[in-house]
Amino acid sequence: MAYVIDYELLEKLEEKIGKEEAKKIAQTIELIYNELDKKSESLAHQKKLELKDELTKELATKADLILVKTELEAKIEKEVLKLDKKFTIMFLILAFLIIFINKDAVELIIKLLPFAK
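Here's what I pulled together on the structure shown here.

The rules behind each value
Residues numbered from 1 in each chain as written. Predicted model: local features only at pLDDT ≥ 70, side-chain atom pairs only at ≥ 80, totals over all residues. Heavy atoms only, no water. Phe/Tyr/Trp six-rings, centres within 6.5 Å; stacked < 30°, edge-to-face > 60°. Helix = DSSP H or I, 4+ residues; strand = E, 2+ residues; numbered from the N terminus. Buried < 20%, exposed > 50% of the residue type's maximum accessible area, 1.4 Å probe, protein only. Axes fitted to C-alpha atoms, helices over the stretch in contact; angles between N-to-C directions. Parallel < 35°, antiparallel > 145°, perpendicular 65-115°, else oblique. Contact = heavy atoms within 4.5 Å. Nonpolar A, V, L, I, M, F, W, Y, C, P; charged D, E, K, R; others polar.

Description of the packing of aromatic side chains
And then number 1: Enumeration according to the criterion identifies one aromatic pair in this entry.
And then number 2: When the centroid spacing of 5.8 Å and the interplanar angle of 15 degrees are considered together, the rings of Phe96 and Phe100 count as stacked. A residue pair is termed a helical-turn pair when its members lie 3 or 4 positions apart in one helix, as Phe96 and Phe100 do in helix H3 (residues 62–101) at four residues. Residues Phe96 and Phe100 agree in their burial class; the two are exposed.

This is the structure:
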């Protein structure tokens, strides 16, 4: 049993109202103190849980970050494939234009064909 009431205060109470009454009052005050302590601990625990729930809703978890990462990687891969197709088409167009515009290039390609085997 923790002492909530000071010893001096308990002595003064004993002098004024008697030993038994002072003891009952001290026990009652201590019970009230213990109940308040329990309720405050319970309330603090409840507030912590509420705060945790609120933060969980607001902040990203590792699972959320992994999901976003995989989505971004898929989008990047898709864009890389698009760019690869565009560069291939541009290269073919450039090769065609070089051959079409430069008549010497056609002769050079014909001369190089036997070596391509």
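Digging into the packing of H3 against helix H4 (residues 103–112)
And then number 1: Packing of H3 against H4 leaves a shortest axis separation of 4 Å and a crossing angle of 105 degrees. Viewed along their axes, H3 and H4 adopt a mutual orientation that is roughly perpendicular. For the pair H3 and H4, the contacting residues are Ile98, Ile99 and Ile101 in the first and Lys103, Ala105, Val106 and Ile109 in the second.
And then number 2: When grouped by side-chain class, the residues that make up the contact of H3 with H4 number six nonpolar, no polar and one charged.

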